[in-house]
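Spelled out from the first residue to the last, the chains are:
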Amino acid sequence: MTAIEIRKVTAHIGAQVSGVDIGKPLDEETVTALRDALNAHKALVFDDVDLDDAGQQAFARHFGALTTAHPTVPAVEGAPNVLPVDSERGRANHWHTDVTFVLNPPQASTLRSITIPPYGGETLIANAAAAYRDLPEPLRALADTLWAEHTNDYDYAVPDEAVDEEQARQRAQFTSITYRTAHPVVRVHPLTGERGLFIGGFAQRIVGLSTGESRKLLDLFQSYVTRPENILRWRWSPNQLVLFDNRITQHYAIDNYDGRPRRLNRVTVAGDVPVGIEGKESYSIAGDASHYTPVAVAA
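Residues numbered from 1 in each chain as written. Predicted model: local features only at pLDDT ≥ 70, side-chain atom pairs only at ≥ 80, totals over all residues. Heavy atoms only, no water.

Trainee: For the sheet that holds strand S16 (residues 283-286), give the residues involved together with the corresponding values.
Mentor: Here we have four strands laid out as an open sheet, ordered S11-S7-S8-S16, and antiparallel in their pairing. Each edge of the open sheet is held by one strand with a lone partner, namely strand S11 (203-206) and S16. Each strand axis lies, on average, 30° off the axis of its neighbour in the sheet, ignoring direction. For strand S7 (residues 147-151) and strand S8 (residues 180-184), the ladder comprises five bridges, and the chain directions are antiparallel. Residue Glu149 lies in a different strand from S8, and its bridge partner there is Ala182. (Pairing = 2+ DSSP bridges. Helix = DSSP H or I, 4+ residues; strand = E, 2+ residues; numbered from the N terminus. Axes fitted to C-alpha atoms, helices over the stretch in contact; angles between N-to-C directions.)

Trainee: Can you tell me about the side chain of Thr100, naming the residues and giving the values?
Mentor: Tracing the chain through its elements places Thr100 in the loop between strand S4 (83-86) and strand S5 (108-115). For Thr100, a relative accessible area of 0% gives the class buried. Within the local environment of Thr100, its side chain forms a polar contact with the side chain of His150, the two groups lying 2.8 Å apart. (Buried < 20%, exposed > 50% of the residue type's maximum accessible area, 1.4 Å probe, protein only. Polar contact = N/O pair within 3.5 Å; in protein donor to acceptor, adjacent residues only side chain to side chain.)

Trainee: Please provide a residue-by-residue account of the pattern of salt bridges, values included.
Mentor: By the definition in use, this model includes 15 salt bridges. The shortest N-O distance in the salt bridge between Arg247 and Asp245 comes to 3.8 Å. For Asp245, a relative accessible area of 1% translates into the label buried. In this structure, the salt-bridge partner of Arg247 is Asp272, at a minimum N-O distance of 2.7 Å. Remark: Asp272 occurs in the loop between strand S15 (263-269) and S16 and Arg247 occurs in the loop between strand S13 (241-245) and strand S14 (249-253); sequence separation between them is 25 residues. When sorted by exposure, Arg247 lands in the same class as Asp272, which is buried. (Salt bridge = Lys/Arg side-chain N within 4 Å of Asp/Glu carboxyl O.)

Trainee: Describe the sheet that holds strand S12 (residues 231-234), listing the residues and the values that go with them.
Mentor: Pairing in this open sheet of three strands is antiparallel, and the strands run S12-S6-S14 from one edge to the other. For this open sheet the edge positions go to S12 and S14, each flanked by a neighbour on one side alone. If you compare each strand with its neighbour and ignore which way they point, the axes differ by 15° on average. As judged from the five bridges shared by strand S6 (residues 123-127) and S14, these two strands associate in the antiparallel manner. Bridge pairing links Leu124 to Tyr252 in S14.

Trainee: Let's hear about helix H6 (residues 211-225): which residues, and what values?
Mentor: Owing to its 3.6 residues per turn, the α-helix brings residues three or four apart onto one side. If you check H6, its first and last C-alpha atoms are 21 Å apart, about what 15 residues at 1.5 Å a residue would give, namely 21 Å. Of all the positions in H6, only Ser214, Leu217, Leu218, Phe221, Gln222, Tyr224 and Val225 are classed as buried. Projected down its long axis, H6 carries its buried residues within an arc of 145°, all on one side. (Expected span 1.5 Å × (residues − 1). Arc of directions from axis to C-beta.)

Trainee: With reference to specific residues and values, describe the nonpolar core.
Mentor: Of all hydrophobic cores here, the largest spans 25 residues; its most connected members are Ile22, Leu44, Phe46, Phe59, Leu241 and Leu243. Elements with a contribution of two residues or more to this core: strand S2 (15-18), helix H1 (28-41), strand S3 (43-46), helix H2 (53-61), S13 and S15. Broken down by element, the residue count for this core peaks at four residues, all from H1. Here Leu44 is in contact with Ala15, Val17, Leu34, Ala37, Leu38, Leu241, Val242 and Leu243, once residues within four sequence places are set aside. Counting 23 residues, the second-largest nonpolar core is a separate cluster that includes Leu146, Val185, Leu197 and Phe221. (Core = buried A, V, L, I, M, F, W, Y, C linked by side-chain atoms within 4.5 Å. Contact = heavy atoms within 4.5 Å.)

Trainee: If you had to explain the environment of Val225 to someone new, which residues and values would you point to?
Mentor: Mapping Val225 onto the fold places it in helix H6. Residue classification places Val225 among the buried positions, given a relative accessible area of 0%.

Trainee: Lay out the packing of aromatic side chains with the relevant residues and their values.
Mentor: As enumerated under the stated definition, the model contains six aromatic pairs in all. Taken together, the ring pairs connect Phe46, Phe59 and Phe63 into an aromatic cluster. Lying across the ring of Phe198, Arg187 places its NZ or CZ 4.9 Å from the centre. Between Lys280 and the ring centre of Trp147, over which it is positioned, the NZ or CZ distance is 4.8 Å. (Phe/Tyr/Trp six-rings, centres within 6.5 Å; stacked < 30°, edge-to-face > 60°. Lys NZ or Arg CZ within 6 Å of the ring centre and 35° of its normal.)

Trainee: Report on H2, specifying residues and quantitative values.
Mentor: Among the residues of H2, those classed as buried are Gly55, Gln56, Gln57, Phe59 and Ala60. Those residues of H2 that are buried are in contact with H1, S3, S5, S13 and S15. Two or three places before Ala54, at the start of H2, stands the capping residue Asp52, its side-chain oxygen 3.2 Å from that residue's backbone nitrogen.

Trainee: An account of the environment of Ala126 is requested, with residue identities and associated values reported.
Mentor: Summarising the element assignment, Ala126 is placed in strand S6. Judged by its relative accessible area of 0%, Ala126 is buried. Considered as a pair, Ala126 and Arg233 are 107 residues apart in the sequence and their alpha carbons are 8.8 Å apart. In contact with Ala126, other than residues within four places in its own chain, are Ile13, Trp95, Val225, Asn230, Ile231, Ile248, Thr249 and Gln250.

As structure tokens, this is what we get:
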């Protein structure tokens, strides 16, 4: 094992990693060290990486089996596990955790910079465990009891009249299979035992509450996730890779680059079924995602 250096970027989330070439096969000690760093910092940044799509997939496989690119959105041609996060194919400028509308969302995501605009285009990543710890005790006690329905079938708060033909096509593709899954609002991380708010943009309704009541509560909890103190704001450079723990973070791609080309390639690692504080597992309401992801043993 080489000497890995971990340098914190902020107090609550993010670290830069040096001293390891992630373009080469990694030994077990190195993978364990990276997993420990990911558990501690939630998001890891690797600079000057020499990776193509195959190399990004090989790196991600150190942490488990891969998902395909997405349940409904096409992959990079010839690379079924790689999703192009391309500004020309839509913009994820809303807070979310990746693919929480399926039963077992990815445990980890990797993003690799391909085309970077000359300004803007940062990715925000928020620590959902810090958000949970920030909650006043009465709100923590309430959150512990709640479940939320996550779905891909909603309008991302964009009014129909603001959607052009291409955006309508992309939306139709994204929702071509409707998924609905109930997850605990407070998820227990299987490796660290930390509790984190497991909500984000795909969480549309609190089980047992009306849409209006749900929105008020979800907005309240979400305001703790997106406190500036809990956020890493990452300005991309060429040849970077960011690995983040999808079980206990949310992220947001800022649309602040005047429509210039921006592309990252994403590869995600298959995840386990979320578990709430009482040990109850998430359950599917609609949609079969077995073509997208195996169910991983918690790791």
